[in-house]
Amino acid sequence: MLGLSLIYLGSAFALVAALGVLRLDACARFHACTKTTTLGILCVALGGTLYMGTWDYGVRFLLIALLFLILNPTGTRAVVRAGHRMGLKSQGDTASQRGVELCD
């Protein structure tokens, strides 16, 4: 029961990440993607571990979660940094309109 609840919670975080990508400006999209998907994957992995109930699947789920926890923010940082070097500016009503560059 707890495992399924965590899986549903992780799915809800993935839905929030999708809405963040659709609604936010360029640099804020990266925050929405990174933070919510990382938390969502952790919830799904922990939920899958509890739901399956065996260490065979549990180790696999937790290894995937660990890799995602390390690689997702690192990859997003690399993409944001490359965008910043190419001159990416925010399009919305954010700090870029006040003369502050985003994605620093």
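This is a predicted model, so every value here is computed, not measured.

J.: Explain the overall build of the chain to me, using residue names and the numbers behind them.
T.: Scanning the chain from N- to C-terminus turns up 3 helices and 0 strands. Reading the chain from its N end, one meets helices and strands in the order α-α-α. The proportion of buried residues among the 104 residues of the chain is 26%. Sequence separation of 24 or more characterises 62% of the internal contacts of the chain that already satisfy a separation of 6 or more. When the accessible area of the chain is evaluated, it comes to approximately 7200 Å², of which 70% is carbon and sulfur surface.

J.: Describe the pattern of salt bridges, listing the residues and the values that go with them.
T.: A complete count under the given rule lists 1 salt bridge for this structure. A salt bridge links Arg60 to Asp56; the nearest nitrogen and oxygen atoms lie 3.5 Å apart. Taken together, the residues span about one helical turn, with Arg60 and Asp56 both in helix H3 (residues 55-85) at a distance of 4 residues. Residue class for Asp56 comes out partly exposed when judged on its relative accessible area of 46%.

J.: Report on a nonpolar patch on the surface, specifying residues and quantitative values.
T.: Together, Leu39, Leu42, Leu63, Leu66, Leu67, Leu69, Ile70 and Leu71 make up a nonpolar patch on the protein surface, roughly 710 Å² of accessible area in all. Among the secondary structure elements, those contributing two or more residues to the nonpolar patch are helix H2 (26-52) and H3. Examined against the element boundaries, Leu42 turns out to sit in helix H2.

Definitions and cut-offs
Residues numbered from 1 in each chain as written. Predicted model: local features only at pLDDT ≥ 70, side-chain atom pairs only at ≥ 80, totals over all residues. Heavy atoms only, no water. Helix = DSSP H or I, 4+ residues; strand = E, 2+ residues; numbered from the N terminus. Buried < 20%, exposed > 50% of the residue type's maximum accessible area, 1.4 Å probe, protein only. Contact = heavy atoms within 4.5 Å. Areas by Shrake-Rupley, 256 points an atom, 1.4 Å probe, with all protein chains shown as cover. Salt bridge = Lys/Arg side-chain N within 4 Å of Asp/Glu carboxyl O. Patch = residues over 30% accessible without salt bridge, like charges linked within 9 Å, V, L, I, M, F, W, Y side chains within 5 Å.

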